[in-house]
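Analysis of the macromolecular model
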Amino acid sequence: MMETLVLEPGRITLAQLRAVARTPAVPALAPGWRGPVDASVEVVRRIVDEGRVAYGINTGFGKLASTRIPEDRLAELQRNLVLSHSTGIGPLLDDATVRLVLTLKAASLARGCSGVRPEVIERLLDLLRLGVLPCIPAKGSVGASGDLAPLAHMSATLIGVGSARVGGEVLPAADALARAGLEPIGLAPKEGLALLNGTQVSTALALVGLFAAEDAFAAALAAGALSVEAAKGSDAPFDARIHEVRGQPGQVEVAARLRALLADSAIRASHRDCEKVQDPYSLRCQPQVMGACLDLMRNAARTLGIEANAVSDNPLVFADTGEVVSGGNFHAEPVAFAADVLALALAEIGALSERRIALLTDPVMSGLPPFLVADSGVNSGFMIAHVTAAALASENKLLAHPASVDSLPTSANQEDHVSMATHGARRLGDIAGNVAGIVGIELLAAAQGIEFHRPLASSAPLERVLAAIRADVPAYDRDRFFAPDIEAATALVAAGRFRDVAQGLLPSDAA
């Protein structure tokens, strides 16, 4: 029996959303959501019964909003909307992202401002509960008017069209539903539009990026502390007084964490009275750089936490007054900005890590054997591992270019400014993957550097980090096929193996 994760619409936490993405927990809605939903459905029903004109209920869409649709064709209108908008291309979104999309859409509709029947919301939850995941192509949304194409593919599964994954197997949607004991549903007035409108795909992709950024940040914090030890750097730059007089909160907290990671290290004690005056910036300025990245991540997390709980379709139904009001909550500009900020933070985490790898492999800077290997010359050691890290860091510079500064008008210029949030959020996966590779290489390099200081020990927390590395990758005593080592270290970063190093700092831990 899988654990049920009870979510309250409008009050879902980042920690809960991380559980949706990272665990098999089954999302369910807290009691009390049906009343507002039923009230909004009743508003839509009255509009149809009374023959009043309301956008999206009995009109066309976008540039066709002035076209009145007769009552006997309203169901056809909603079905056709889903079919015509299913225009996505490219690779399919992964299971974690699709689970988040379904969860966010169900929670948004359950706020009772969308005019969607409870059975539609329940069917979205059924898909999650039974493991029927719509096949959603990753490309085709400009982030306004909502994530139309990807959400159309999600909605197509509900009506038995398109395809879905069940246990990793791709099936025609109707067959996937049948295997789960479900039947396709019909769509009532406004329901197709409410399902397609919204920022849930952009937000889900950005959340996946946020959680990956947290993992990379924590691992980079561990790797940075290990690099200080490997290079016999100083902990003086982490003195609390330095950071308190500046006052940047992330900087203060990162410095405190570095002090804790390095406390009681025999390696540090062994060179406390050395003649070195200052370390390079990549060691010395970690609180300033990583702290700024942490502040950016927290700001982005705040935006995404709000958006994850938002009602972002259009038009909206306000049951207390019986009104249906057209607005623009589908515009994903907040998500686009959050994704751009996360891209910057991730790129800088990787850039700083790459510089520390360069430092460690340079015997003049680190005092360690060239390229961190004995008998260098015959052995090349970490020479080309650093080149890989440099390539990844440079690629991230390109990927981190802001998506939100771009816009192209669509729908015959009716939708004349869009956010580009969807691909802005989607590229976070590529950036985070690159950073995991860079930090993985640094973890190996720093661990290798510390091997040359044995039998001296590092601090207790850093020895635990070293043990986790050595459990998967042995010390590098001579050249060997290197790729599996890097792959294993990268996997440790991506799996969040070092999250405890940043305990209390990460946004979704504090939620």
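First, a word on what this report is: a plain description of the structure on this page. Along each chain, numbering runs from 1 in the same order as the chain's sequence is written. For this predicted model, a pLDDT threshold of at least 70 governs which residues receive local features, and a threshold of 80 or more governs which side-chain atom pairs are given and counted, while totals over whole chains, interfaces and linings are taken from all residues. Each side-chain value is worked out from all heavy atoms of the structure, with water and hydrogens disregarded.

**Quick notes on helix H17 (residues 383-399)**
- Across its 17 residues, H17 extends 25 Å between first and last C-alpha, which sits within 8% of the 24 Å expected from 1.5 Å per residue.
- Relative accessibility thresholds used throughout: buried, under 20% of the residue-type maximum; exposed, over 50%; partly exposed, between the two (1.4 Å probe, protein chains only). Each helix corresponds to a stretch of at least 4 residues labelled H or I by DSSP, and each strand to a stretch of at least 2 residues labelled E; elements are numbered beginning at the N terminus. Along H17, the residues classified as buried are Ala385, His386, Ala389, Leu392, Ala393 and Asn396. For H17, the arc enclosing every buried residue in end-on projection is 120 degrees, short of the 170-degree limit, so these residues lie on one face. Facing away from the buried side of H17 by over 90 degrees, the exposed positions are Ile384, Lys397 and Leu398.
- Residues count as neighbours in contact if any of their non-hydrogen atoms are within 4.5 Å of one another. Where H17 is buried, its residues touch helix H15 (333-361), helix H18 (421-451) and helix H20 (483-494). The length a helix should cover is 1.5 Å for every residue beyond the first. To be clear, the arc concerns the directions from the helix axis to the C-beta atoms.

**Re the sheet that holds strand S7 (residues 169-172)**
- Taken in spatial order, the three strands line up as S4-S6-S7 in an open sheet, and their pairing is antiparallel. One side of each edge strand has no neighbouring strand; the edge strands of this open sheet are strand S4 (132-134) and S7. Within this sheet the neighbouring strands show an average axis-to-axis angle of 35 degrees, counted without direction.
- Helix axes are fitted to C-alpha atoms over the stretch in contact, other axes to C-alpha atoms as well, and angles between N-to-C directions run from 0 to 180 degrees. Across the sheet, helix H4 (residues 95-109) touches S4 and strand S6 (163-166), and the angle it forms with S4 is around 90 degrees. When DSSP finds at least two bridges between two strands, those strands are taken to pair.

**Thoughts on the packing of aromatic side chains**
- Within 6.5 Å between ring centres, the rings of Phe, Tyr and Trp (the latter by its six-membered ring) count as paired, and their orientation is classed by plane angle as stacked under 30 degrees, edge-to-face over 60, tilted in between. Counted under the stated rule, the structure contains three aromatic pairs.
- Centroid distance Phe382 to Phe482: 5.0 Å. Interplanar angle 90 degrees. Geometry classified as edge-to-face. Residue Phe382 is located in the loop between helix H16 (363-366) and H17, and its partner Phe482 is located in the loop between helix H19 (460-472) and H20; the two are separated by 100 residues in the primary sequence. Residues Phe382 and Phe482 agree in their burial class; the two are buried.
- Seen from their ring centres, Tyr476 and Phe482 are 4.7 Å apart, and the 40 degrees between their planes marks the pair as tilted.

**Looking at helix H2 (residues 34-50)**
- Taking 1.5 Å of rise per residue, 17 residues should cover 24 Å, and H2 covers 24 Å from first to last C-alpha, within 8% of that figure.
- Structurally, H2 contributes buried residues whose contacts are with helix H3 (74-85), H4, helix H5 (118-130), strand S8 (316-318) and strand S9 (323-325).

**What to know about unusual backbone geometry**
- Following Ala144, the chain continues to Ser145 via a peptide bond in cis, the omega torsion being 5 degrees.
- Tracing the backbone through its elements, the reader meets Ser145 in the loop between strand S5 (137-139) and helix H6 (148-158).
- Omega for the peptide link from Arg454 to Pro455 comes to 15 degrees, which places this bond in the cis form.
- Its location among the elements puts Pro455 in the loop between H18 and H19.

**Description of the packing of H15 against H18**
- The contact between H15 and H18 brings their axes to 9 Å, and the two run at 20 degrees. When the interaxial angle is binned, H15 and H18 end up roughly parallel. Both H15 and H18 take part in a crossing whose hand is left-handed.
- Asp, Glu, Lys and Arg are counted as charged, while Ala, Val, Leu, Ile, Met, Phe, Trp, Tyr, Cys and Pro are counted as nonpolar; the rest, among them Gly, fall into the polar class. A per-class count over the contact of H15 with H18 returns 21 nonpolar, three polar and five charged. Orientation is classified from the angle alone, with under 35 degrees giving roughly parallel, over 145 giving roughly antiparallel, 65 to 115 giving roughly perpendicular, and any other angle giving oblique. Rotating anticlockwise by less than a right angle from the far helix to the near helix defines a left-handed crossing, while the corresponding clockwise rotation defines a right-handed one.

**Some points on the packing of H18 against H19**
- Between H18 and H19, whose axes approach to 10 Å, the crossing angle comes to 110 degrees. If you check the angle between H18 and H19, you find them roughly perpendicular. Taken together, the residues of H19 that come into contact with H18 (itself represented by Leu443, Leu444, Ala447, Gln448, Ile450 and Glu451) are Val465, Leu466, Ile469 and Arg470.
- Across the contact of H18 with H19, the residue classes tally to seven nonpolar, one polar and two charged.

**Details of the environment of His423**
- You can see His423 is positioned in helix H18.
- Residue classification places His423 among the partly exposed residues on the basis of a relative accessible area of 31%.
- C-alpha separation for the pair His423 and Lys139, spaced 284 residues apart in sequence, amounts to 7.4 Å.

**Focus on the pairing of strand S1 (residues 4-7)**
- Side chains Leu5 and Leu7 project from S1 onto a buried face, and the interleaved Thr4 and Val6 project onto a face without burial.
- By definition, the crossover connecting two strands over a helix is right-handed if that path, from the first strand to the second, turns clockwise as seen with the strands pointing away from the viewer. Viewed along the sheet, the connection from S1 through helix H1 (residues 14-22) into strand S2 (residues 26-29) turns out right-handed.

**A word on the side chain of Asn309**
- Relative to the assigned elements, Asn309 resides in the loop between helix H14 (286-308) and S8.
- With relative accessibility at 11%, the residue Asn309 sits in the buried group.
- In this structure, Asn309 is in contact with Glu8, Gly10, Arg11, Ile12 and Arg111, ignoring residues within four places of it in sequence.

**A short note on a nonpolar patch on the surface**
- Exposure above 30% relative accessible area and the lack of any salt bridge qualify a residue for a patch; like charges then connect within 9 Å, and the nonpolar side chains Val, Leu, Ile, Met, Phe, Trp and Tyr within 5 Å. In short, Shrake-Rupley with a 1.4 Å probe defines the accessible areas, and a residue's cover is counted only from the protein chains shown. By convention in these notes, a salt bridge is any Lys or Arg side-chain nitrogen within 4 Å of a carboxyl oxygen on Asp or Glu. Taken together, the side chains of Met383, Ile384 and Val387 present a nonpolar region at the surface, about 250 Å² in accessible area.
- Structurally, Ile384 can be placed in helix H17.

**A few points about the environment of Val373**
- By secondary structure assignment, the location of Val373 is in the loop between H16 and H17.
- Between the C-alpha atoms of Val373 and Leu283, which are 90 residues apart in sequence, the distance is 21 Å.
- Those residues within four positions of Val373 in sequence are excluded, and the remaining contacts are Asn379, Ser380, Gly381, Phe452, Tyr476, Asp477 and Arg478.

**A word on the nonpolar core**
- Here, nonpolar core means buried Ala, Val, Leu, Ile, Met, Phe, Trp, Tyr and Cys residues that are tied together by side-chain atoms lying within 4.5 Å of each other. Within the largest apolar cluster, 158 residues are counted, with the highest numbers of intra-cluster contacts made by Leu207 and Phe217.
- No other element matches helix H9 (residues 200-230), which puts 20 residues into this core.
- Those residues in contact with Phe217, other than ones at most four positions away along the chain, are Val254, Met290, Leu294, Met297, Ile349, Ala502, Leu505 and Leu506.

**Overview of the pairing of S6**
- Relative to S6, S4 runs antiparallel, the two sharing three bridges. Residue Val132 lies in a different strand from S6, and its bridge partner there is Val166.
- As paired strands, S6 and S7 are joined by four bridges and run antiparallel to one another. Bridging across to S7, Ser163 finds its partner in Pro172.
- The turn joining S6 and S7, which pair antiparallel and follow one another in sequence, is formed by two residues; a positive phi near 60 degrees is taken by Gly167.

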